[in-house]
Amino acid sequence: MSDARQILPSSIQHAGDSLPGPADGQHIIATKNRWSRVALTFTDVASDAWCEFSFDVTCHPEETASQAHDFAAVGVAFLMADQSSIDFAYIPGLTRAQIDPFSTFVSGPHHHDKRISPTQTYRVHCNFLVPAPTKHLLITVRGWRNSHPFHVTNLSLRQHGGVAPRTSATQALPPAPSRVGQAALSGPTRTWTVLTSSPEWFRYSLVPGRPLFVRGQIIAESSGKDGALARVVFRDQLGQELPPPYQETLTAPAVGAFVNIPAHIQARRFTLELIPPENAASVEIGFQTWHDDASVRLVMPLEVSLEVGLLLENISGDETPHEESFLKQLMEKLDPAPISGERQSSQEIAHRLIGRGSLASPFKIHSRLRALQQGNDLRIREGGLQFSGYSPWPLPERPDWREDPFRSPGWRREYQSLAWLLSIAERPDAGGLDRAIDLAISWSRSSTWGQPTDDLSMHPLPLATRTEVFIELLALGAAAESADIDALSELLGEAIRHGFVLAEIIGQNVFSHSIYQAHAASALLSLGKALPQVPTARYWASLALSHLQQSFKEFVGPDGTFFESAPHYQLELVSLGAILGAALKDDPEAHTFCEELETRLRNAVLSLIEITDPDGHLPAFGDTPHLYRHASWIRRLIAQYGQDWLTDSSIKAELSYPRGSRILPSQGKGMAVARHYGHERDWRYLCSSYGEQRNSHGHHDATSFVFSDAGSRWIVDAAGSSQNEGGPVRQYLTSSRGHNVAIPDGREQTAGSSWIETQFSLRGVNVFELRSTVHGPDYNHRRVYVSTADLAAVAVIDDFAGMRDAHSFEGLLHFDPNVTAAIAPAQTVIAFCDRRRLHIIPYTVTGRLSGLEVLQGISDQQAALQGFVSRPSGGLQPASVLRYKFSGRSRVSGGVILATTGAGLKTIKRMLSEPELAEYLTRQPADQDAG
């Protein structure tokens with residue numbers, strides 16, 4: 001874009017044997033991987049603006065890691081004016097890291113262009129948001145997998161201009177179309193808490209007699225102020241306040257016990273060591289400022305942990321078989337001097353912890369979630385295990401837990417979750433409860449912590465699911481008269497060990513702003529509630545509840561908007577929330593959480609019903625596992641947990657799927673939907689995605705769309721879940737090439753924003769325009785959809801204006817595998833499916849059409865995969881893809897018309913030539929940014 005701002009580094013430093021190159025602006029990154037680096041400081045950056053960091057990479061001729069996706073890394077630290085570092089929970093476009101605060105990987109040359117040799121130079125682009133109140137950046141380029149030194153040149157930091165939020169307003173077409181407005185940049189600061197002189201309270205249960213550590217950061221507008229204080233109140237089991245003084249605290253008449261948090265620097269980290277007095281069962285911490293006029297914010301979420309001695313690695317070492325001694329080691333840590341003077345055996349401990357009346361009824365959160373998702377899903381078929389869409393697999397008598405019969409990460413995660421053990425426990429013909437417990441113990445003995453048999457077993461989703469499986473097996477075993485106490489003792493030890501892992505993951509915010517945080521917290525809550533006699537149980541439950549409250553505030557807005565971009569996982573979040581609300585409805589500590597959750601879920605489920613197509617599926621944007629029928633899932637959800645939602649007239653109306661034509665731009669909700677619903681199979685559906693493209697490992701599908709007609713899925717997303725794939729397949733599915741987007745000059749999408757700019761109707765056609773920054777500051781991009789009211793014809797037009805003298809873009813349309821596409825005379829494409837036809841006609845606004853091409857199954861080089869969609873059981877399935885190209889000077893605009901009827905095609909062509917619409921499509925980019 002013309003108003004992009006170039007920023008030069010104020011200082012450059014080399015480390016780890018890295019050196020300045022022979023030419024000005026050149027840097028040589030050595031092979032002390034992770035430590036060889038060049039660090040650049042950029043000052044006076046603009047806050048709440050997207051930023052592009054780019055540079056050229058030239059590899060050594062003998063480089064062996066040219067195909068690595070993590071060949072090198074870019075690290076970014078965000079600094080205040082006084083150079084203090086800010087602890088953001090997440091940064092759109094980057095991921096949290098350990099060496100650098102945030103980072104993104106740089107792929108080797110083979111990932112960028114099939115024609116590139118290792119010695120050729122290729123350019124790397126990293127887009128990320130610079131959130132307020134950042135003033136400076138420290139950006140590091142470091143080696144990671146490189147076997148030889150590589151050269152970095154032409155480093156550039158540029159910030160987008162003209163990205164300030166605008167006010168929403170949707171109107172009918174005026175003389176000049178009105179703005180709906182760019183979605184507000186919802187940076188990480190939205191989860192911060194503004195502190196006042198009234199305290200913001202947090203509550204945690206305690207492990208009896210053990211300190212609790214709370215870590216965080218306050219942000220002050222300027223250093224040298226009073227900062228903040230943390231008020232501290234300890235309470236006993238009845239909730240009565242225990243009077244101060246407390247260790248490691250001060251006392252003042254107006255506030256009681258407190259810990260002072262001065263603001264010597266603008267971004268001030270702190271650690272509270274809360275040492276409980278005798279009989280303390282919980283602690284409340286209230287953060288506040290000293291004065292009403294102070295400007296201080298508390299960075300959220302907080303980090304919470306137990307003392308070092310109660311970290312998992314310090315309870316039991318690798319040298320001791322955990323299945324025999326973990327319970328004893330834990331109890332010795334928690335009770336070093338028993339009154340009797342004699343240590344209890346593991347079996348005696350198990351009797352005490354899960355004996356009659358000690359084990360509470362399990363929440364079964366993940367079991368209930370699977371039932372909503374899949375109905376009466378049978379995991380045991382034909383004498384074998386069946387999941388992830390694969391054929392039944394005969395379970396060995398003694399599995400070694402390394403099995404991967406289908407070479408599928410998705411299958412392995414299901415297998416390692418052990419959820420299928422519950423099916424075995426319910427079926428005597430499969431071995432029943434004894435067999436299920438034996439298999440659970442077999443898994444436990446094979447999986448040494450720190451060295452798992454299968455790394456995917458430590459993925460947060462199977463970890464959370466497996467924890468609840470252990471709880472359910474313990475409950476079944478404790479109720480069975482013939483239960484083997486030795487086996488239950490071993491299973492109990494493994495369940496508790498999982499609890500420590502989950503607590504450390506949650507307390508350190510490892511998966512902050514990810515649905516996996518909600519899964520992990522749900523499992524820890526289940527564990528804490530099910531095993532109330534375990535000394536850490538109350539602490540676990542309070543930690544989990546605190547993070548669930550924070551997570552659902554981040555994930556689901558009060559108006560039903562989502563932070564998560566994939567509709568499939570949006571529905572999963574709503575389902576988790578509904579199950580949690582039902583499980584906690586009688587828990588007084590969760591009363592506020594349940595009340596807040598109810599409104600959010602009611603509005604969120606309405607949003608999801610609105611975008612579900614008439615065939616019962618949510619659009620396949622973002623990560624989308626197959627084999628789910630979302631309409632059935634929603635109906636089961638409402639029937640079991642959302643009966644009260646049916647009192648909402650909007651939800652009742654949407655569930656009836658009213659006939660006629662509707663357009664639902666859903667401003668701020670990430671999906672723009674148009675649909676026409678008639679009798680039986682007479683329906684059409686168009687859906688386009690937009691929103692903030694945040695995750696560096698997520699899908700790059702901003703402005704992509706899908707189109708269906710009368711049950712025929714014409715234009716589809718390559719779909720699939722990147723979590724179920726690996727290597728080139730995963731990279732293809734997440735790349736722009738796997739989606740129905742336009743790509744200018746080979747520049748695939750990166751992180752950025754897309755939003756609904758305008759929406760209006762004009763004499764029988766509907767128009768909505770999306771704008772985006774996902775191609776970087778060089779391009780001013782908009783995509784315009786023009787459709788007849790009944791969706792018999794749709795025009796999809798992209799407009800790219802840039803700073804270059806000449807450029808081009810290619811558009812992609814992915815067809816369903818059941819569709820056959822061919823190029824007909826006069827540069828027309830005809831697609832066939834079930835004796836139905838779809839006509840695709842190129843349409844030029846500015847520039848020229850440079851050609852059409854239908855591809856299928858191109859896989860000669862991993863950077864050039866094209867012509868595939870994902871299949872339900874994983875992997876890729878060849879399918880037709882139309883690639884069309886437009887070229888021109890500084891501005892290129894064009895696209896395609898999709899028509900299922902001749903009347904629809906005539907209407908669209910006539911309207912595109914109407915003066916109002918033609919003028920709208922040819923407006924100059926400067927006009928678009930005016931106002």
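Brief notes about the overall build of the protein
Then, in step 1: Broken down by element type, the protein carries 19 helices and 45 strands.
Then, in step 2: Rg of the C-alpha trace for the protein: 29 Å, near the compact-globule value of 30 Å for 931 residues, within the 12% margin.
Then, in step 3: Considering only C-alpha atoms, the protein reaches an extent of 95 × 70 × 60 Å along its principal axes.
Then, in step 4: Restricting to contacts in the protein with at least 6 residues of sequence separation, those with at least 24 account for 73%.

Topic: the confidence of the model for the protein
Then, in step 1: Averaged over every residue, the pLDDT of the protein is 88; residues scoring 70 or more account for 91%.
Then, in step 2: Low pLDDT (under 50) marks residues 162-189, which in the prediction has 76 contacts with non-local residues, meaning those over four places away or in another chain.
Then, in step 3: Taken as a whole, residues 927-931 scores under 50 in pLDDT and shows 15 contacts with residues more than four places along the chain or in a different chain.

Remarks on the sheet that holds strand β41 (residues 848-855)
Then, in step 1: Read from one edge of the open sheet, four strands run β32-β37-β44-β41, paired in antiparallel fashion. Single-partner strands in this sheet number two, and they are β32 (742-744) and β41. Put simply, the sheet's adjacent strands are angled 20° from each other on average, direction ignored.
Then, in step 2: Sheet topology note: the β32/strand β37 (residues 807-814) ladder contains three bridges and is antiparallel.

Points about the state of the cysteines
Then, in step 1: Scanning the model with the defined rule gives zero disulfides in all.
Then, in step 2: Cysteine 51 forms no disulfide, and the closest cysteine sulfur to it belongs to cysteine 126, at a distance of 9.8 Å.
Then, in step 3: Lacking any disulfide linkage, cysteine 687 is separated from the closest cysteine sulfur, that of cysteine 833, by 20 Å.
Then, in step 4: Relative accessible area serves as the criterion here: at 0%, cysteine 687 is assigned to the buried category.

Looking at the packing of aromatic side chains
Centre-to-centre distance and the angle between the planes together describe a pair of aromatic rings.
Then, in step 1: The full count for this structure, using the stated rule, is 35 aromatic pairs.
Then, in step 2: A network of ring pairs unites the aromatic residues Phe387, Tyr390, Trp393, Trp401, Phe406, Trp411, Tyr415 and Trp420 as a single cluster.
Then, in step 3: In this structure, arginine 782 is placed above the aromatic ring of tyrosine 920, and the distance from its NZ or CZ to the ring centre is 5.3 Å.

Looking at the pairing of strand β27 (residues 671-677)
Then, in step 1: Buried residues dominate β27, accounting for six of its seven residues.
Then, in step 2: By the bridge criterion, five bridges tie strand β26 (residues 660-664) to β27 in an arrangement that is antiparallel. Counted as the bridge partner of leucine 664 is valine 673 from β27.
Then, in step 3: Where β27 and strand β28 (residues 683-689) come together, seven bridges link them in antiparallel fashion. From the neighbouring strand, valine 673 faces β28, where its bridge partner is cysteine 687.

A word on the packing of helix α9 (residues 485-507) against helix α10 (residues 515-530)
Then, in step 1: Closest axis-to-axis distance for the α9/α10 pair is 9 Å, and the angle between their directions is 135°. If you check the angle between α9 and α10, you find them oblique. Helix-helix and strand crossings are classified by hand; for α9 and α10 the assignment is left-handed. Here Ala495, Gly499, Leu502, Ala503, Ile505 and Ile506 of α9 lie close against α10, whose contacting residues are Gln517, Ala520, Ala521, Ala523, Leu524 and Leu527.
Then, in step 2: For the contact of α9 with α10, the per-class residue count stands at 10 nonpolar, two polar and no charged.

Some points on the sheet that holds strand β2 (residues 11-15)
Then, in step 1: Taken in spatial order, the six strands of this open sheet run β2-β5-β11-β7-β9-β8, and their pairing is antiparallel. Taken across any chain shown, the strands that pair with only one partner, and hence form the sheet edges, are β2 and β8 (95-96).
Then, in step 2: Note: β8 against strand β9 (residues 102-106), two bridges, orientation antiparallel. Along β9, the bridge assignment pairs arginine 96 with phenylalanine 102.

Digging into a negative patch on the surface
Then, in step 1: Together, Asp434, Asp438, Asp484 and Asp486 make up a negatively charged patch on the protein surface.
Then, in step 2: Mapped onto the elements of the fold, aspartate 434 is located in helix α7 (residues 432-446).

Here we look at the pattern of salt bridges
Then, in step 1: Applying the stated rule across the entire model yields 35 salt bridges.
Then, in step 2: Notably, a salt bridge pairs arginine 435 with glutamate 397, separated by 3.8 Å at the nearest N-O pair. With arginine 435 in helix α7 and glutamate 397 in the loop between β25 (384-385) and α5 (409-417), this pair connects stretches of sequence that are 38 residues apart.
Then, in step 3: Judged by relative accessible area, arginine 435 falls into the buried class, the value being 17%.
Then, in step 4: Here the salt bridges do not stand alone but share partners, grouping Glu769, Arg782, Asp799, Arg891 and Arg923 into one network.

A short note on helix α8 (residues 460-479)
Then, in step 1: The end-to-end C-alpha separation of α8 is 29 Å, in line with the 28 Å expected for 20 residues at 1.5 Å each.
Then, in step 2: Here α8 lies mainly inside the structure; 15 of its 20 residues are buried.

Some details on the nonpolar core
Then, in step 1: Ranked by size, the top nonpolar core spans 155 residues in total, and within it Phe287, Trp420, Leu421, Leu473 and Ile496 carry the most contacts.
Then, in step 2: With 12 residues, α9 is the single largest residue contributor to this core.
Then, in step 3: Apart from the residues within four sequence positions on either side, tryptophan 420 is in contact with Arg379, Leu385, Phe387, Leu395, Trp401, Glu414, Tyr415 and Leu439.
Then, in step 4: Of all hydrophobic cores here, the second largest spans 40 residues; its members include Ala68, Phe102, Val124 and Phe150.

Some words on the side chain of serine 736
Then, in step 1: For serine 736, the position within the fold is in the loop between α16 (727-734) and β32.
Then, in step 2: A polar contact of 2.8 Å, which involves the side chain of serine 736, links it to the backbone nitrogen of glutamine 749.

Brief notes about helix α17 (residues 902-912)
Residues three or four positions apart in an α-helix share a direction because the helix packs 3.6 residues into each turn.
Then, in step 1: Every buried residue belonging to α17 is among Gly904, Leu905, Ile908, Met911 and Leu912, and all of these are buried. All buried residues of α17 lie within an arc of 140° about the axis, which places them on one face of the element. Turned more than 90 degrees away from the buried face of α17, the exposed residues are Ala903 and Lys906.

Thresholds, definitions, all that
Residues numbered from 1 in each chain as written. Predicted model: local features only at pLDDT ≥ 70, side-chain atom pairs only at ≥ 80, totals over all residues. Heavy atoms only, no water. Helix = DSSP H or I, 4+ residues; strand = E, 2+ residues; numbered from the N terminus. Rg over C-alpha atoms; globule rule 2.2 N^0.38 Å. Contact = heavy atoms within 4.5 Å. pLDDT = per-residue confidence, 0-100. Pairing = 2+ DSSP bridges. Axes fitted to C-alpha atoms, helices over the stretch in contact; angles between N-to-C directions. Disulfide = S-S within 2.5 Å. Buried < 20%, exposed > 50% of the residue type's maximum accessible area, 1.4 Å probe, protein only. Phe/Tyr/Trp six-rings, centres within 6.5 Å; stacked < 30°, edge-to-face > 60°. Lys NZ or Arg CZ within 6 Å of the ring centre and 35° of its normal. Parallel < 35°, antiparallel > 145°, perpendicular 65-115°, else oblique. Left-handed = near helix turned anticlockwise from the far one by under 90°. Nonpolar A, V, L, I, M, F, W, Y, C, P; charged D, E, K, R; others polar. Patch = residues over 30% accessible without salt bridge, like charges linked within 9 Å, V, L, I, M, F, W, Y side chains within 5 Å. Areas by Shrake-Rupley, 256 points an atom, 1.4 Å probe, with all protein chains shown as cover. Salt bridge = Lys/Arg side-chain N within 4 Å of Asp/Glu carboxyl O. Lys, Arg positive; Asp, Glu negative; His and termini not counted. Charge placed at Lys NZ, Arg CZ, Asp CG, Glu CD. Expected span 1.5 Å × (residues − 1). Core = buried A, V, L, I, M, F, W, Y, C linked by side-chain atoms within 4.5 Å. Polar contact = N/O pair within 3.5 Å; in protein donor to acceptor, adjacent residues only side chain to side chain. Arc of directions from axis to C-beta.

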